[in-house]
Amino acid sequence: MELNKTSQQKLKLSLLATAMVFALSACDGDDGADGLNGADGVDGSPGQDGVPGQDGAPGFAASTFLVANNGDANRNTVSVVDQNANSLSTVITGANEGIVFTEGGALVQAGDSDLPLLRTLCNFDTQTNYMMSTGKEITGTSTGLVNPKGITFAEDAGLVMVADFNGQKVSVFGGQAAGDVAPVAEIMVSAKPWDLAYDEQNDRLFVALTDGTLAVYDNVAGSGFAPTVMRSVVPSDADGNQISINLHGIAYEPMSNRMVLSDVGDAAVADDGQIFVLDNVSSADGAVVPTRVIGGASTQLGNPVDIILTGSDLRVAEKSNDAILVFSNIFNGESGDIEPTLSTPSVKPESIAEFKEREAMEDASDDGITTMPIMGLSVSSNPSSESATTGQVAQYSAVLSSELSTFDAGMSIESAAFTANGDGVITYDNVDTLTGGLLIVNRLKTMRDGMEYSDSFDHMIAGSETGLIAPKGLDIASDAGVVFVADVNETTPAVRVFSPCASGNVAPLLTLEAANGARPWDVDYDPVTDSAYLALTNGSVAVFEEVVRRMESGETVITGEDRLIVPASGGAAFAAPTNIHGIDYDSQSDSLVISDVGSAADATDGKLYVISGAGRADGLTDVSVNIAGPNSMLGNPVDLMLSNGHVYVAEKSNGMILRFDNILNSASGDIAPTFSMMYPAPESVSVLSVK
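This text gives an overview of the structure that appears in the document. Because the structure is a prediction, the values reported are computed rather than measured.

Re the overall build of the protein
When its secondary structure is counted, the protein shows two helices and 53 strands. Residue pairs at least 24 apart in sequence account for 54% of intrachain contacts in the protein once pairs closer than 6 positions are excluded. In the protein, which carries 32 positive and 92 negative side-chain charges, the distance between the mean positions of the two groups comes to 2 Å.

Thoughts on the side chain of S282
By secondary structure assignment, the location of S282 is in the loop between strand 18 (274-279) and strand 19 (286-288). Take S282: its relative accessible area is 16%, and that puts it in the buried class. Reaching out from S282, the side chain makes a polar contact with the side chain of N257 at a distance of 2.9 Å. With residues near it in sequence (within four places) discarded, S282 still touches R204, F206, R231, Y252 and N257.

Some details on the state of the cysteines
Under the criterion given, the structure shown has one disulfide. C122 shares a disulfide with C501; S-S distance 2.0 Å. Linking C122 and C501, the disulfide has an S-S dihedral of approximately 70° and is accordingly described as right-handed. In this pair, C122 sits in the loop between strand 6 (117-121) and strand 7 (135-139) while C501 sits in the loop between strand 36 (494-498) and strand 37 (510-513), placing the two residues 379 residues apart along the sequence.

Overview of the pattern of salt bridges
All told, the structure shown has 22 salt bridges when counted by the stated rule. Salt-bridge contacts for D429 lead to K472; the nearest nitrogen and oxygen are separated by 3.2 Å. Taken together, the residues D429 in strand 30 (residues 424-430) and K472 in strand 34 (residues 471-477) connect sequence positions 43 residues apart. Taken as a pair, D429 and K472 share a single burial class, namely buried.

A look at the pairing of strand 3 (residues 87-92)
Bridge analysis of strand 2 (residues 77-82) against strand 3 gives five bridges, and the strand direction is antiparallel. The partner of T77 across the bridge, within strand 3, is I92. From the end of strand 2 to the start of strand 3, which pair antiparallel, there are four residues, and A85 there has a positive phi angle of about 70°.

Description of the packing of aromatic side chains
Per the stated rule, a full pass over the model turns up nine aromatic pairs. Between the aromatic rings of Y396 and Y679, the centroid separation amounts to 5.8 Å while the plane-to-plane angle is 80°, which identifies the pairing as edge-to-face. In this pair, Y396 sits in strand 27 (residues 392-396) while Y679 sits in the loop between strand 52 (675-678) and strand 53 (682-689), placing the two residues 283 residues apart along the sequence. The class for Y396 is buried, based on a relative accessible area of 10%. For Y679, a relative accessible area of 3% corresponds to the buried category. These aromatic residues form a ring-pair network of at least three members: F101, F124 and F355. Sitting above the plane of the Y130 ring, R119 keeps its charged end 4.1 Å from the centroid.

Topic: the sheet that holds strand 15 (residues 230-235)
An order of 12-13-14-15-19 is seen for the five strands of this open sheet, with the pairing classed as mixed. Each edge of the open sheet carries a strand with a single partner, namely strand 12 (193-199) and strand 19. For this sheet the average axis-to-axis angle between neighbouring strands, irrespective of direction, equals 25°. Here four bridges tie strand 14 (residues 214-218) to strand 15, and the two strands are oriented antiparallel to one another. Within the sheet, the bridge partner assigned to V216 lies in strand 15 and is R231.

What about the pairing of strand 13 (residues 204-209)?
Within strand 13, six of the six residues are buried, leaving the element largely enclosed by the surrounding structure. Covered by surrounding structure in strand 13 are R204, F206 and A208 together with L205, V207 and L209, the residues of both alternating faces. Both strand 12 and strand 13 contribute to a ladder of six bridges, which runs antiparallel. Pairing of D199 across the sheet is with R204, part of strand 13. Hairpin connection of strand 12 to strand 13: four residues between the antiparallel strands, including D203 at a positive phi of 55°. In this structure, strand 13 lies alongside strand 14, joined through five bridges in antiparallel fashion. Within strand 14, the position partnered with F206 by the bridge is V216. Hairpin connection, strand 13 to strand 14: the antiparallel pair is bridged by four residues, and G212 has positive phi, about 90°.

Observations regarding the sheet that holds strand 23 (residues 323-327)
Spatially, four strands are ordered 21-22-23-24 in an open sheet, and the strand pairing comes out antiparallel. Both outer strands of the open sheet, strand 21 (304-310) and strand 24 (342-345), are each paired with one neighbouring strand and no more. Each strand of the sheet is rotated relative to its neighbour by a mean of 20°, with strand direction disregarded. Bridge analysis of strand 22 (residues 313-318) against strand 23 gives five bridges, and the strand direction is antiparallel.

Comments concerning unusual backbone geometry
A cis amide bond links A576 with the next residue in sequence, P577, at an omega value of 0°. Residue position: P577 is located in the loop between strand 43 (572-573) and strand 44 (580-586). The residue N280 is not glycine, and still its phi comes out positive at about 50°. Examined against the element boundaries, N280 turns out to sit in the loop between strand 18 and strand 19.

Rules and cut-offs
- Residues numbered from 1 in each chain as written.
- Predicted model: local features only at pLDDT ≥ 70, side-chain atom pairs only at ≥ 80, totals over all residues.
- Heavy atoms only, no water.
- Helix = DSSP H or I, 4+ residues; strand = E, 2+ residues; numbered from the N terminus.
- Contact = heavy atoms within 4.5 Å.
- Lys, Arg positive; Asp, Glu negative; His and termini not counted.
- Charge placed at Lys NZ, Arg CZ, Asp CG, Glu CD.
- Buried < 20%, exposed > 50% of the residue type's maximum accessible area, 1.4 Å probe, protein only.
- Polar contact = N/O pair within 3.5 Å; in protein donor to acceptor, adjacent residues only side chain to side chain.
- Disulfide = S-S within 2.5 Å.
- Salt bridge = Lys/Arg side-chain N within 4 Å of Asp/Glu carboxyl O.
- Pairing = 2+ DSSP bridges.
- Phe/Tyr/Trp six-rings, centres within 6.5 Å; stacked < 30°, edge-to-face > 60°.
- Lys NZ or Arg CZ within 6 Å of the ring centre and 35° of its normal.
- Axes fitted to C-alpha atoms, helices over the stretch in contact; angles between N-to-C directions.

Now the structure itself:
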């Protein structure tokens, strides 16, 4: 029984008086005569009653959760709550059904309050509403979506899987798909599905069906999303009688191979919900007796529409009774009418997910000298006329000895770069229409060998609002969630900054314009110093400082660089023709590595420079390394990237990929590359990290 404050005070006084008696009795000397009893004190006023469901609330570890709301007044919003479901903030997402929070920091949500859709909010920060400039959506007749409910995300493959209720199917889309696009695949199911879980390591899909059964599919991706065998798991009593009615929520723990399912029963009844715990579910088939069943009036389970596990704590979105419930130690304990460990009011919760602060996302292009293993090198091909490698992005080993994979963009392309989670960003331009754009390719780094660009997996950023006309080099800042694109066009040259999550005809988040109309061919952004280095075709390097900070403070255009670096030797600028193309700044060594194609018509006059102390350089700056000459094979070195202290170079006019080792400490002169290989018209190089 819990004591109120007055009772606690009386108890403390009583204990104090007892302690004094014992202390005095221990003193030497005779006891004095007893005094008269004092008058009884006045009873204190009764303490306030505790909040229902909050008395003795357990000390859950601090955490943040996302709750999709689906009531008349809060529909299309997501509440951000703490571990006790106390509200912290609310975000307008424009969707009302299942949510998932990806390892890359994106909130993906299904919606059917208006048109059926899937909406993605990238770099989700718990404060910002959905915006087209930093998010995308899948919607339209081609999607085949009818009533998308629960969703799950396959991290390695970058795939969104959707339980389509009235469509009676599971739809699969690429994580970078956007717009009115067809799914990668559709898996028809035996009854209307509400939610699903995917064990990517074992390629096994679990689907909670509203006829009370659990559908299990093996070899899902391996079969091209056409699994031939479906097992039906039926929660049953010891006599084999089905006890499940209308499964909704699903939570799978692959390490222990245990499953938790929620059952709403009759959706019109607010006290018939149940929770089932199943062991060894991956191999289960037919009638299965749950190891634990929770249901009854004390549980507050009426319509438990969604559930998630955090350790052994089960959180329940209880829609009919307007609450978030927590059942601790869900895998152990008695079955029956069990009270939740915690119950917190929440108006019409539809889905729940855990929000985790993601670790800093480091791009391979931002660590040039630390020794680390790499997967290899990515190269894009851009021949002047149609050929077998037009639109190709190929991967090669680190020592340029073997081809590992190829991808076909399906059009003439320029440069390719990669986000920290392995998605590709490719620039393209059309000289006939004077338009350009970006291809955002789902898991280009790891999952697209032998494949082509597909709207079911990928999307584009293009149109008049983008300002893109002749985009060339680019650099990705994954942690900031942006891509810097160098547009070399004659009339409006600039570096334009986009969220790769945006799609279609969207304006850039920020535009960097070099002074005097100088034209950038490539760009390198350094997140440590928040600086962007622009390789200009006039032979200089423009440096913009505090770039992301200024963008986040609301600036959309920055005109004029903070510093202009002019490569020099002996205090004199290099003689024309000079034409800087490739660029990579390394903050650890404070070194800038750049390539100069000289005359684009000359296949012998290319140069490779290193500028030390580049983080403070301004004006004429002597280079510390200058490599040029016939042995270097440098003619038109259009792109480069520094990794492990070595620089990889795309040498376009001579059709080669070159690697110069220990470039920062290299001697100057006519130095031959350490490794080289032939490759048709390489336009860009990008080192692929193991992560």
